[in-house]
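# Residue-level structural notes
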Amino acid sequence: DQQVKQNSPSLSVQEGRISILNCDYTNSMFDYFLWYKKYPAEGPTFLISISSIKDKNEDGRFTVFLNKSAKHLSLHIVPSQPGDSAVYFCAARKGGGADGLTFGKGTHLIIQP
Amino acid sequence: SQTIHQWPATLVQPVGSPLSLECTVEGTSNPNLYWYRQAAGRGLQLLFYSIGIDQISSEVPQNLSASRPQDRQFILSSKKLLLSDSGFYLCAWSFNRDSPLHFGNGTRLTVT
């Protein structure tokens with residue numbers, strides 16, 4: 001059972017435009033959400049996170065939005081740059097539960113010149 | 001600052017052979033430690049996590065085991081590898097359960 005879903009395996013965006021990566025979750029026990037970026041043959045790198053008590057968190061070009069009623073979060077990257085081309089993973093943690101994060105399958109973002 | 005070291009970067013092992021992957025963290029004490037696996041076309045799956053020395057929790061029953069002989073050392077092992085053990089293995093650490101995980105560069109394991 002996939003508790004964290006990233007339904008778009010890939011996304012192509014023109015350089016300078018906005019990239020929007022989406023993530024849905026099914027478990028209402030999740031209280032902390034994160035986005036990771038991964039280049040080939042490397043480990044994922046933490047990008048940005050959001051607690052379930054917030055609906056928006058911003059860090060430079062990256063903004064994460066959380067819609068708890070829809071169990072949906074999104075990552076906005078603006079403006080998109082060539083170095084943003086990577087696989088992006090959405091992850092979630094259960095409140096008061098076991099350690100560790102539950103990850104989605106990832107979305108491959110391709111920034112076109 | 002904190003750093004995480006994971007080795008080897010790549011490994012090719014025959015079916016039935018043993019496995020030992022090692023991970024160490026520097027620059028912090030008593031970190032939470034994790035082993036994840038990414039199989040082809042799939043997301044990251046949590047295998048083991050540890051909140052302290054000799055405190056290991058397994059998330060998925062499998063052919064693998066983990067040990068934490070020292071505070072900042074986490075080892076993933078197998079006595080006999082299966083073909084299905086092939087994948088990309090990632091070690092990660094965090095300050096505690098409320099902070100983000102930070103990953104090593106991973107080990108690409110191919111079982112032949």
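Everything in this summary refers to the structure shown in the same document. Quantities reported herein were computed from a predicted structural model and do not represent experimental measurements.

### As for the overall build of chain A
- For chain A, the count of helices and strands is zero helices and 11 strands.
- Taking 2.2 N^0.38 as the reference for a compact globule, 113 residues should give roughly 13 Å; the C-alpha atoms of chain A span a radius of gyration of 13 Å, in line with that estimate.
- Structurally, chain A occupies a C-alpha span of about 45 × 30 × 20 Å along its principal axes.
- Accessible area for chain A stands at about 5400 Å²; split by element, carbon and sulfur atoms hold 49% of it.
- Where the 12 positive side-chain charges of chain A centre and where its 10 negative ones centre are 4 Å apart.

### Brief notes about the interface of chain B and chain A
- Listed as interface residues are 22 residues of chain B and, on the opposing side, 22 residues of chain A.
- Across the interface of chain B and chain A, roughly 1700 Å² is buried in total on both sides, 56% from carbon and sulfur atoms.
- Across the chain B-chain A interface, the total number found is one salt bridge.
- A salt bridge links arginine 93 of chain A to aspartate 98 of chain B, with the nearest nitrogen and oxygen atoms 2.8 Å apart.
- One can count four residue pairs in polar contact (both at pLDDT 80 or more) joining chain B with chain A.
- For the side of chain B that touches chain A, the per-class residue count stands at 11 nonpolar, seven polar and four charged.

### Observations concerning the layout of surface pockets
- Considering only enclosed or pocket space, the largest pocket measures out at about 630 Å³ in volume.
- The wall of the largest pocket is formed by 25 residues, among which Thr102 and Phe103 of chain A together with Leu44, Gln45 and Leu46 of chain B lie closest to the centre.
- Secondary-structure elements contributing two or more residues to the lining of the largest pocket are β9 (86-94) and β10 (102-103) of chain A together with β4 (32-38) and β5 (44-52) of chain B.
- Sorting elements by how many residues they give to the lining of the largest pocket places β5 of chain B first, with three residues.
- Partitioning the lining of the largest pocket into residue classes produces 10 nonpolar, eight polar and seven charged.
- Lining the second largest pocket are 19 residues, with Phe89 and Lys105 of chain A together with Gln38, Gly41 and Arg42 of chain B positioned closest to its centre.

### A few points about the pattern of salt bridges
- Scanning the entire structure with this criterion turns up five salt bridges over all chains.
- The closest approach of N and O atoms between aspartate 85 of chain B and arginine 37 of chain B, which form a salt bridge, is 3.9 Å. You can see aspartate 85 of chain B sitting in the loop between β8 (73-78) and β9 (87-94) and its partner arginine 37 of chain B sitting in strand β4, a full 48 residues away along the chain. No difference in accessibility class separates aspartate 85 of chain B from arginine 37 of chain B, as the two residues are buried.
- In this structure, arginine 68 of chain B and aspartate 71 of chain B form a salt bridge, with 3.3 Å as the shortest nitrogen-oxygen distance.
- Taken together, the shared-partner salt bridges in this structure form one network comprising Asp31 and Arg93 of chain A together with Asp98 of chain B.

### So, unusual backbone geometry
- Going from valine 78 of chain A to proline 79 of chain A, the amide bond is cis rather than trans, its omega being -10°.
- Within the secondary structure, proline 79 of chain A sits in the loop between β8 (72-77) and β9.
- Between tryptophan 7 of chain B and the following residue, proline 8 of chain B, the backbone shows a cis peptide bond with an omega angle of 0°.
- Position of proline 8 of chain B relative to the elements: it lies in the loop between β1 (3-7) and β2 (10-13).
- Even without being glycine, alanine 41 of chain A reaches a positive phi, approximately 60°.
- Here alanine 41 of chain A lies in the loop between β4 (30-38) and β5 (45-51).
- Despite not being glycine, aspartate 54 of chain B shows a phi value in the positive range, around 60°.

### Quick look at the state of the cysteines
- On inspection of all chains with the given rule, the structure shows two disulfides over all chains.
- Across the disulfide from cysteine 23 of chain A sits cysteine 90 of chain A; the S-S distance is 2.0 Å. Here the S-S torsion is close to -75°, and the disulfide linking cysteine 23 of chain A with cysteine 90 of chain A is therefore left-handed. Remark: cysteine 90 of chain A occurs in strand β9 and cysteine 23 of chain A occurs in strand β3 (residues 19-25); sequence separation between them is 67 residues.
- Residue classification places cysteine 90 of chain A among the buried positions, given a relative accessible area of 1%.
- The residue that forms a disulfide with cysteine 23 of chain B is cysteine 91 of chain B, at a sulfur-sulfur distance of 2.0 Å. On the sign convention where negative means left-handed, the S-S torsion of about -75° between cysteine 23 of chain B and cysteine 91 of chain B marks this disulfide as left-handed.

Analysis parameters
Positions within a chain are numbered from 1, following the residues in the order the chain's sequence is written. Here the convention is simple: chains get letters from A, ligands get numbers from 1, in the order in which they are written. The predicted origin of the model limits local features to residues at a pLDDT of at least 70 and limits the giving and counting of side-chain atom pairs to 80 or more, whereas totals for whole chains, interfaces and linings rest on all residues. Hydrogens and water are ignored here; the side-chain numbers use all heavy atoms of the structure. Helix numbering and strand numbering both begin at the N terminus, where a helix is a DSSP run of H or I of at least 4 residues and a strand a DSSP run of E of at least 2. What the globule rule says is 2.2 Å times the number of residues to the power 0.38, and the radius of gyration is computed from C-alpha atoms. Values of accessible area rely on a 1.4 Å probe in the Shrake-Rupley scheme; residue burial ignores everything except the protein chains shown. Charge assignment in this entry is limited to Lys and Arg as positive and Asp and Glu as negative, and neither His nor the chain termini are counted. Lysine's charge is taken at NZ, arginine's at CZ, aspartate's at CG and glutamate's at CD. Every residue pair with non-hydrogen atoms within 4.5 Å of one another is taken to be in contact. By buried area we mean the combined loss of accessible area, with a 1.4 Å probe, across both parts when two parts are placed together. We define a salt bridge as a contact between a side-chain nitrogen of Lys or Arg and a carboxyl oxygen of Asp or Glu at a distance within 4 Å. Throughout this description, a polar contact denotes any pair of N or O atoms lying within 3.5 Å of each other; where both atoms belong to protein, one of them has to be capable of donating a hydrogen while the other can accept it, and for residues adjacent in sequence the pair is counted only when both atoms sit in side chains. Classes in brief: Ala, Val, Leu, Ile, Met, Phe, Trp, Tyr, Cys and Pro nonpolar; Asp, Glu, Lys and Arg charged; the others, Gly included, polar. The definitions used throughout rest on a 1 Å grid laid over the protein atoms alone, on which a cavity is an enclosed set of points accommodating a 1.4 Å probe that cannot get out and a pocket is an open set flanked by protein within 12 Å on both sides along at least five of seven lines; lining residues are those having an atom within 4 Å of a point. Grid points are joined across faces, edges and corners, and a volume is the space filled by probe spheres set on the points. Only protein chains enter the calculation, and the probe is 1.4 Å; a residue is then buried if its accessible area is under 20% of its type maximum, exposed if over 50%, and partly exposed in between. Two cysteine sulfur atoms form a disulfide, by the criterion used here, when they sit within 2.5 Å.

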